[in-house]
Amino acid sequence: MIGLLQRVRSARVDVDGKTVGTIGQGLLVFIGVEQRDDESRADRLLERLLGYRVFPDAAGKMNLSVMDIGGGLLLVPQFTLAADTNKGMRPSFTPAATPEQGRRLFEYLVYRARTLYASVATGVFGADMQVTLTNDGPVTFWLRVE
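Quick summary incoming for the structure in this document. (Residues numbered from 1 in each chain as written. Predicted model: local features only at pLDDT ≥ 70, side-chain atom pairs only at ≥ 80, totals over all residues. Heavy atoms only, no water.)

Attention now goes to unusual backbone geometry. Following G137, the chain continues to P138 via a peptide bond in cis, the omega torsion being 0°. With respect to the helices and strands, P138 occurs in strand β8 (residues 129-144). (Helix = DSSP H or I, 4+ residues; strand = E, 2+ residues; numbered from the N terminus.)

Spelled out as C-alpha cells, the structure:
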C-alpha cells in the first residue's frame, strides 16, 4: 500500500459541493492500493501513519507524530498513486488493485484507523473529489508498505 502524506495546517474534501471530510492541523494522506496488498499491509501502513514523526517538538525538530499532537488524520483514496509511470507519456494502472479490492482495503484502513484514533476523516472511494489543503512546511512523504 502507498500513503502520500502531507503535514497540513488544514485540509478538506468536497464531493458534489458538500464537504465530506475536514481536519485542522494534522496529516492529509492519499492512499493507493496495489494488487498484492492485503489487511496486514493496511495495518502496517496505519501504524506508520499514526507514529510517523513529522511535527516539530519544542526545539523545532521533527520528533512528534500526529497522535502526539492530537492532530487530525484525513484519509483520501487515490488509485493513481499505484500507476506505473516508467514508460511512455501515459500512466499504466496495471499495478493498481481492482476497484473492489481497493474499496475493501480502503474501508478496512478507515475502520482500523477509527478504532485506534479519535480524529479521522475521509474522502469518498470512487467519487470525484476536490481536495483543499494548506501544506505546512511543505512537508510531504511517500510511504510504501510491502
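Resuming the write-up.
Counting buried positions along strand β1 (residues 2-15) yields eleven of 14 residues, so the element is predominantly enclosed. Sheet analysis places β1 next to strand β3 (residues 26-32), joined by seven bridges and oriented antiparallel. If you follow Q6 over to β3, its bridge partner there is L28. Of the pairings in the sheet, the one linking β1 to β8 comprises twelve bridges and is antiparallel in character. Considered in β8, the bridge of R12 is made with T132. (Buried < 20%, exposed > 50% of the residue type's maximum accessible area, 1.4 Å probe, protein only. Pairing = 2+ DSSP bridges.)

So, about the pattern of salt bridges. Applying the stated criterion to the full structure yields eleven salt bridges. Across the pair R36 and E34 runs a salt bridge whose closest N-O atoms are separated by 3.7 Å. According to the relative accessible area criterion, R36 is partly exposed, its value standing at 42%. Between R44 and E47 there is a salt bridge, and its shortest N-O distance comes to 3.0 Å. Residue R44 and its partner E47 are both found in helix α1 (residues 39-51); the two are separated by three residues, about one turn of the helix. Accessibility expressed as a relative area gives 39% for R44, which makes it partly exposed. Three or more residues are tied together by salt bridges with common partners; here these are E34, R36, R144 and E146. (Salt bridge = Lys/Arg side-chain N within 4 Å of Asp/Glu carboxyl O.)

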